[in-house]
Amino acid sequence: MAGSILGTAVRRVEDPELITGRATYVGNLALPGALHLHFVRSPMAHAELAGIDTAAAAAAPGVVAVFTAADLHLPAHHGLFTVNPQVPRPPLATDRVRFVGEAVAVVVAESAAAAADAADLVEVDYTPLPAAVDVEEAVAPGAPLQFPDLGSNVAAGLRSPDGPDPLGGAAVVVRARLVNQRVAVVPMEGNAIAVAPEPSGDGDPGGLTIWVSTQMPHGFRSQAAGLFDLPEEQVRVIAPHVGGAFGGKAGVLAEHTVAIGVARALGRPTRWADTRSENLVSMPHGRGQVAWYELGLRRDGRITGLRARVLGDAGAYAGFGGALALGPTFMMAQGTYDIPAVAYDAAAVLTNTTPMGAFRGAGRPEAAAHLERMMDLAAAELGLDPVEIRRRNLLAPERFPFRTLSGVTYDVGDYDRPLRGALEIAGYDRLRAEQAARRAAGDQVLLGIGVSVYVEITAGGGGEFGSVTVHADGTATVAAGTSGHGQGHPTAFSMLVADRLGIPLEKITFVQSDTALVPRGGGTGGSRSLQLGGGAVHAAAGKVLEQARERAAELLEAAVDDIELTDAGEFGVRGVPTAAVTWVQVAAGADIAAELDSAQDGPTFPFGAHVAVVEVDTETGRVTPVRHVAVDDCGRILNPLLVTGQQHGGLAQGIAQALYEEVRFDADGQPLTGTLVDYHLPSAADLITFETANTETPTPLNALGAKGIGESATIGSTPAVQNAVVDALAPLGVRHIDLPCTPERVWRAIRDARAGRAADPWREPPAVFAGLPVRGAGAAADEGTI
């Protein structure tokens with residue numbers, strides 16, 4: 001075939017079903033006879049459970065049952081992965097509650113309204129306990145302990161081996177305490193599950209069919225089967241259309257376990273979908289790090305070393321999000337720069353707050369935000385332009401593949417290339433000239449320009465399932481073990497098959513997210529889908545093509561080597577234009593199929609550069625985004641329309657973290673942002689038209705040359721905007737503003753700077769880091785390693 005559909009902007013094939021309302025979600029799933037669940041949740045952040053009276057609720061109209069932990073005997077378990085095996089979460093609270101919103105009982109009724117009404121009749125007797133809400137206070141001496149037997153609120157942690165001081169010999173050291181605030185995931189569709197038990201021959205509950213809003217159906221099946229001691233083949237998990245996830249729908253949550261347990265106990269289908277207020281306190285939150293960074297430099301701006309100490313807020317029950325400080329944030333600590341020495345200590349800390357999980361980027365945005373803020377502080381200290389100091393330290397293209405001090409190997413990179421592109425699109429020199437003119441004129445509204453350069457990790461290596469089948473009518477079915485929920489998988493994967501086999505997109509059906517139809521899969525997360533799932537589909541299509549050429553050779557009585565796929569999508573004989581057979585003829589005898597698992601030798605590392613332009617009103621503190629330029633490199637681009645869509649979504653969430661979003665609690669652990677009235681989720685009115693572009697640096701690790709794009713723009717945008725806000729206020733003496741840069745926070749920084757008391761970005765870290773276990777204990781520490 002002469003032409004290729006790859007690299008062209010193809011409209012999404014899945015959108016008509018979505019925009020016409022024909023799509024099925026868990027919430028509108030038809031499940032006759034299903035019982036509705038409503039959870040009774042703790043209003044206290046930390047308390048002993050002295051008693052639960054369910055009698056009035058059980059007697060309410062329409063109620064079938066009311067259950068507590070003592071009734072269901074469900075196993076306590078962890079989330080997506082275990083941070084500390086000693087602190088599993090019971091699906092319904094047992095002896096005490098550990099955060100506001102924790103489920104203590106569940107009402108089961110014939111209707112959602114009856115369940116909600118009866119839940120108000122459940123009486124719970126709480127004995128209040130002191131709460132550890134702030135992550136720094138949680139590691140202070142004498143802090144209330146979430147698990148007294150653990151002896152500490154540190155769920156996990158590691159520190160660097162003793163060795164040479166990474167700051168030794170530095171001419172200049174810049175220091176800052178950096179906050180990467182807790183944010184809510186806020187998908188359009190919250191958590192939702194429906195469960196249909198299948199009675200076994202003796203009448204006891206047997207297998208299960210579970211419809212759930214999840215990113216990882218096969219992982220959900222494995223975890224659910226393990227929790228209920230069932231063979232995996234007796235558990236079918238289906239993820240219908242999913243209304244957004246962003247990392248928040250990974251693993252089996254407590255409410256999922258209860259829904260399954262109730263269905264098995266009663267032998268009837270159950271269903272549950274959270275409300276928005278429930279979602280804001282029960283769906284795992286993201287980000288939530290406090291970091292102490294010290295960056296050593298020479299006088300010419302070259303970095304000599306970095307020391308980082310990071311606390312990851314794990315929330316209650318050691319939510320896995322707290323451990324991201326020990327994982328992806330650690331892995332990406334070096335960023336795009338040539339840093340000769342790094343020391344990195346981190347701890348995941350229990351607090352009496354909603355458990356922490358993943359949110360778009362999951363540990364990588366935090367790493368980039370920390371480091372890029374330090375680069376701007378260093379530029380200010382040395383009197384260098386923020387672009388210049390970055391260029392003096394960027395890893396050169398000839399250094400790749402490059403093994404970092406944290407032990408990961410960057411596949412390929414040309415970090416100055418997207419930076420050049422972003423600066424050109426933004427008109428950086430003109431912006432600086434405008435900024436200087438406005439400052440000289442004494443404008444009340446100041447212009448700020450922020451820059452960031454980032455690299456992130458995607459896919460994490462491993463493999464993924466993919467299959468392609470061509471049917472007797474010439475249509476094709478494509479299946480993958482990934483589980484798309486808005487990213488464009490049906491379009492992208494169908495494009496791969498159309499390109500390889502010459503079958504039109506409208507004749508290709510895409511299958512995913514059903515464990516009965518797709519035998520295995522890793523789901524979607526970490527921007528893994530195209531490079532792993534797409535790679536598997538691409539390879540399977542190649543095997544189908546080989547089989548088809550063999551059949552065509554028999555039909556055309558020609559050698560296999562002479563069979564070619566024509567531009568018309570038919571099989572012809574090279575040099576004989578009149579001889580051809582169609583896919584219908586080739587597949588007439590039997591379907592032609594291939595399935596396999598892709599393999600990729602290591603993760604890939606997308607990168608990019610962003611330029612943010614903001615205006616800051618010095619009288620009110622209000623920050624207004626003016627422009628945002630994002631140049632992101634995700635390797636070879638399959639469909640630029642899908643890439644741009646991912647960039648736009650990532651930019652919206654990254655800018656929102658920089659300026660608007662923050663989950664807050666009072667000193668007692670009461671949520672202050674429990675509704676969307678209080679939690680500032682930006683609307684279209686808050687945002688601007690984004691300016692996006694791409695460079696393409698294909699990875700050698702997969703046949704497509706593709707890397708991830710789903711999280712890139714989120715990673716690059718937050719530090720660029722934060723840097724822009726501080727840059728606007730630099731003439732006033734403002735050196736740093738914590739995320740998010742809200743009007744109040746900005747106004748206070750301006751007020752303090754004008755009064756001559758601008759805040760010092762640094763304060764000493766807590767002592768907890770010194771007592772952490774040593775990373776790689778037993779091995780000698782090499783100079784420069786962490």
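In what follows, the structure referred to is the one given above.
Cut-off values and rules
- Residues numbered from 1 in each chain as written.
- Predicted model: local features only at pLDDT ≥ 70, side-chain atom pairs only at ≥ 80, totals over all residues.
- Heavy atoms only, no water.
- Helix = DSSP H or I, 4+ residues; strand = E, 2+ residues; numbered from the N terminus.
- Axes fitted to C-alpha atoms, helices over the stretch in contact; angles between N-to-C directions.
- Parallel < 35°, antiparallel > 145°, perpendicular 65-115°, else oblique.
- Left-handed = near helix turned anticlockwise from the far one by under 90°.
- Contact = heavy atoms within 4.5 Å.
- Nonpolar A, V, L, I, M, F, W, Y, C, P; charged D, E, K, R; others polar.
- Pairing = 2+ DSSP bridges.
- Right-handed = clockwise from strand over helix to strand, strands pointing away.
- Phe/Tyr/Trp six-rings, centres within 6.5 Å; stacked < 30°, edge-to-face > 60°.
- Buried < 20%, exposed > 50% of the residue type's maximum accessible area, 1.4 Å probe, protein only.

Student: Go over unusual backbone geometry with me, naming the residues and quoting the values.
Tutor: Excluding glycine, residues mostly carry a negative phi; peptide bonds, for their part, are mostly trans. Cis geometry is found at the peptide bond from F400 to P401, where omega equals -5 degrees. Mapped onto the secondary structure, P401 falls in the loop between α11 (386-391) and β16 (402-403). Unusually for a residue other than glycine, D229 sits at a positive phi of about 55 degrees. The backbone of Y317 shows a phi angle near 55 degrees, a positive value even though the residue is not glycine. Counting through the fold element by element, Y317 comes out in the loop between β14 (303-315) and α9 (328-331).

Student: Describe the packing of helix α14 (residues 489-501) against helix α15 (residues 529-556), naming the residues involved and giving the relevant values.
Tutor: For the pair α14 and α15, interaxial distance at closest approach is 9 Å and the crossing angle is 30 degrees. Of the possible angle classes, the one that applies to α14 and α15 is roughly parallel. Between α14 and α15 the crossing geometry is right-handed. Where α14 abuts α15, its residues H489, F493, L496, V497, R500 and L501 lie against S529, L530, G533, G534, V537, H538, A539, A541, G542, V544 and L545. For the contact of α14 with α15, the residue count by class is 10 nonpolar, 6 polar and 1 charged.

Student: I'd like a rundown of the pairing of strand β28 (residues 691-695), residues and numbers included.
Tutor: One ladder, built from 5 bridges, connects strand β27 (residues 623-633) with β28; its direction is parallel. Bridge assignment links A630 to a residue of β28, and that residue is T692. In the classification by handedness, the crossover that spans β27, the intervening helix α17 (residues 640-659) and the parallel β28 is right-handed.

Student: How would you sum up the packing of aromatic side chains? Please name residues and give values.
Tutor: A full pass over the atoms with the stated rule returns 12 aromatic pairs. Here F81 and F320 contribute two aromatic rings whose centre-to-centre distance is 5.1 Å and whose plane-to-plane angle is 50 degrees, an arrangement assigned as tilted. With a gap of 239 residues between them, F81 in the loop between α3 (69-72) and β4 (96-97) and F320 in the loop between β14 and α9 connect regions that are remote in the sequence. With relative accessibility at 36%, the residue F81 sits in the partly exposed group. Judged by its relative accessible area of 8%, F320 is buried. Plain terms: the ring middles of F330 and Y344 are 5.3 Å apart, the flat faces sit at 55 degrees to each other, and that makes the pair tilted. Here F330 is found in helix α9, whereas its partner Y344 is found in strand β15 (residues 342-350), with 14 residues between them in sequence. Of the two residues, F330 and Y344, neither departs from the other in class, the shared state being buried. Taken together, the aromatic side chains of F400, F402, Y410, Y415, F605 and F607 make up a single cluster linked through ring pairs.

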